[in-house]
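Given next are the chains, with one letter for each unit.
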Amino acid sequence: MKKFICIIFCFTVFTSNYTYAQTDKRLKGIEKDLNAILEATKAAGFSVAVVDGDKVIYANGFGYSDYENKVPVDANTLFAIGSSTKAFTSALLGQLSAEDKLSLNDNPIKYIPELKFYNDNLNNNVIIKDLMRHSTGLPRHDISWYLFPSADKDSLIQRIAYQEPFTGLRQEWNYNNFMFLAQGVIAEKITGQSWEDNIKTRFFDPLEMSRSQTLLSELKKMDNAALGYKLKKNDQISKLDYYDISGMSPAGSIYSSANEISHWLKMWINKGKYHDKQILTEAYINEAMSSQMVITAALPDEENPDLHFANYGYGWMLSSYRGHYRVEHGGNIDGFSANIAFFPSDKIGIVVLSNQDGSAVPNLVRNTIADRLLGGKTTNWAKRFIENKAKTKKMEAELKLEDKATAQVKNTKHSHVMQDYTGSYGNSGYGGFNITVENDSLFANFKRMKMYLKHYHYDVFEPFEVTKTGIDTTDASPMRFNFATSDGGDISKVSLKAESALEPIAFKRTPNTIDVSTTDLEQYVGNYSLLGTPLKIYIKNENVLYLFVPGQPEYELMPTEKHKFSFKVVDGFKVEFLENNNIITEMNLIQPNGTFKTKKE
């Protein structure tokens, strides 16, 4: 981390040129306000572009795209725009609708036969518009793609069938990235092109967005691309690795610059036209930026009586700002935050792209510029941010003290030895991960992330991300790992509170197996007797051990430790072979209702 004094100095010296500002009196001296936001938020950097009608009246960069090497941001610096991508994805369907290749009132399963929802009501009644306006009744289920990523869009689509809704169809608005994935796949099925190619040919090319990308692999080849950062609790600016959203690309995988996003805004402000070419129909433009679903009441308050209502269109959030109709969408992905906004009645557009994780910068900059352009009342947004941050910090400290005093049960122990928690854990709507033991500590191993599991109380553990610099145990995730046992006392699953509106998501445990040679397996083969009932152990498929009980199906046995096996398809059932003078003489059948000893004949 750089010292605060250094940050202020660098922010002042390394802002890029701002010749655009000199052409519009409304933005005269705006750099002072925007630098104040940079200082207040301690962001690495950001870029901004402002559109008025069909012209860019301001474009500038502040801070750094590469903080360590002090590379300044400019209006052509590429950033991840995250969920600001969503309006692009819905607009693909707007184009296809205008081409009579689909109706927005169609059932999406018509175009994606493999798409299935959690229940028949959704299967039979969801329409494409529900995907576009977040009205399916499904919560986000975001850890399904974030912790369990896949490059295969079709495999991600198949997870939707197992994802539980929290309310009825069209009853409440709830943000859902999977539904934007589905929109992208619909476009793929109709056009025969990937979502990435559709975005390039239908928007990037006609809008002259030649540097914009949809693939992280392509971004890494580009010059003038920002690195991502987060602000740690000690106000240290820390670099983050890029997150490859992979198969979920239609929900948030565009990388662009303030200058090139200004072209996208010009099209929306000018009723679908760019340089007199109609990219989107005026009918779709009007429908997409009109209220399709109520997000929340968002009633005006005494402090801000002219900030009110919160609705959703198609990939756009709608609200009133200073009495002006505002259409906007934010975006957040590891190390980056964005906001793309326009005021259709005023023909004004503002894009703000930042390389700070979960940043307030885009909204603060947008509001600061909007105040200047719309006239009337202005707010010192940097000052308000500092004041609100202090209030929030004080409140969090009080809540944390209360939580520590009431939530955690002190002096408890986990019920099993660490090794008993190891194994693979899976859920059909999410994916799988492994839990291992290292130096008497538990670790959860995901595809792109590793977490240290610190005992909290009973069989509940707190996860802490393992990074290149170590483990920060002051930054716990609120999503705790809660282990449960089967009737036989074995650890059978772990539950994660992934969705606040639903019961915890359960991941079933499969014990880790060990490799046992066919020669070693042969020592267990034979007939065993249990109170006169003959049992048989045999090998199939060269190296798989089976148990047969008369009148029951054969049971495949999985080796977990020396002489110990678990039933593959039955929880809580195990066998343990006993030896005498290096010869197997007995087999214990371990079941939830007891352990039964058998003799080898």
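1. Some thoughts on the sheet that holds strand β26 (residues 533-540)
Either a parallel or an antiparallel arrangement is found when strands of a sheet pair, and the pairing is made through backbone hydrogen bonds. Sheet architecture is closed into a barrel: 8 strands sit in the order β25-β26-β27-β28-β29-β30-β31-β32, paired in antiparallel fashion. Neighbour-to-neighbour, the strand axes of this sheet turn through a mean angle of 35 degrees, independent of strand direction. Bridge count between strand β29 (residues 564-567) and strand β30 (residues 574-580): 3 bridges; the pairing is antiparallel. Its bridge partner lying in β30, Lys-564 is registered against Glu-576.

2. Things to note about helix α13 (residues 361-374)
Along its 14 residues, α13 runs 20 Å from first to last C-alpha, staying within 8% of the 20 Å computed at 1.5 Å per residue. A large share of α13 lies buried, amounting to 12 of its 14 residues. Looking at α13, one finds that the buried residues are Val-361, Pro-362, Leu-364, Val-365, Arg-366, Asn-367, Thr-368, Ile-369, Ala-370, Asp-371, Leu-373 and Leu-374.

3. A closer look at the nonpolar core
Ranked by internal contacts, the top residues of the largest apolar core, which has 86 residues, are Phe-88, Leu-93, Phe-117, Phe-203, Trp-264, Trp-268 and Trp-316. Element by element, the count of residues in this core is highest for helix α8 (residues 177-191), at 8 residues. With residues up to four places along the chain from it excluded, the contact list for Trp-316 reads Ala-87, Trp-264, Trp-268, Ala-288, Asn-311, Val-327, Glu-328, His-329, Ile-340 and Phe-342. Counting 28 residues, the second largest nonpolar core, distinct from the first, contains Ile-37, Leu-38, Phe-46 and Ala-370.

4. Some thoughts on the pairing of β26
Bridging between strand β25 (residues 526-530) and β26 involves 5 bridges; their strand directions are antiparallel. Bridging across to β26, Asn-527 finds its partner in Lys-536. Hairpin connection from β25 to β26: 2 residues lie between these consecutive antiparallel strands, with Leu-531 at a positive phi of about 50 degrees. Where β26 and strand β27 (residues 544-548) come together, 5 bridges link them in antiparallel fashion. Within the sheet, the bridge partner assigned to Lys-540 lies in β27 and is Val-544. A loop of 3 residues connects β26 with β27, the two strands running antiparallel in sequence, and Asn-541 in this loop sits at a positive phi of about 55 degrees.

5. Brief notes about helix α2 (residues 30-41)
With 12 residues, α2 extends 17 Å between its outermost C-alpha atoms, agreeing within 8% with the 16 Å of an ideal straight helix rising 1.5 Å per residue. Buried within α2 are the following residues: Ile-30, Glu-31, Leu-34, Asn-35, Ile-37, Leu-38, Ala-40 and Thr-41. Lys-42, located one to two residues past α2, shows a positive phi value of around 55 degrees.

6. Topic: the pattern of salt bridges
Counted according to the given criterion, the structure contains 28 salt bridges. Among the ionic pairs, Asp-24 bridges to Arg-26, the shortest N-O distance being 2.9 Å. With its nearest N and O atoms 2.6 Å apart, the salt bridge here joins Arg-140 to Asp-142. Note on Arg-140: relative accessible area 35%, which makes it partly exposed. One network of salt bridges, with partners in common, ties together Asp-24, Arg-26 and Asp-52.

Calculation rules
Residues numbered from 1 in each chain as written. Predicted model: local features only at pLDDT ≥ 70, side-chain atom pairs only at ≥ 80, totals over all residues. Heavy atoms only, no water. Pairing = 2+ DSSP bridges. Helix = DSSP H or I, 4+ residues; strand = E, 2+ residues; numbered from the N terminus. Axes fitted to C-alpha atoms, helices over the stretch in contact; angles between N-to-C directions. Expected span 1.5 Å × (residues − 1). Buried < 20%, exposed > 50% of the residue type's maximum accessible area, 1.4 Å probe, protein only. Core = buried A, V, L, I, M, F, W, Y, C linked by side-chain atoms within 4.5 Å. Contact = heavy atoms within 4.5 Å. Salt bridge = Lys/Arg side-chain N within 4 Å of Asp/Glu carboxyl O.

Geometry only, nothing functional implied.
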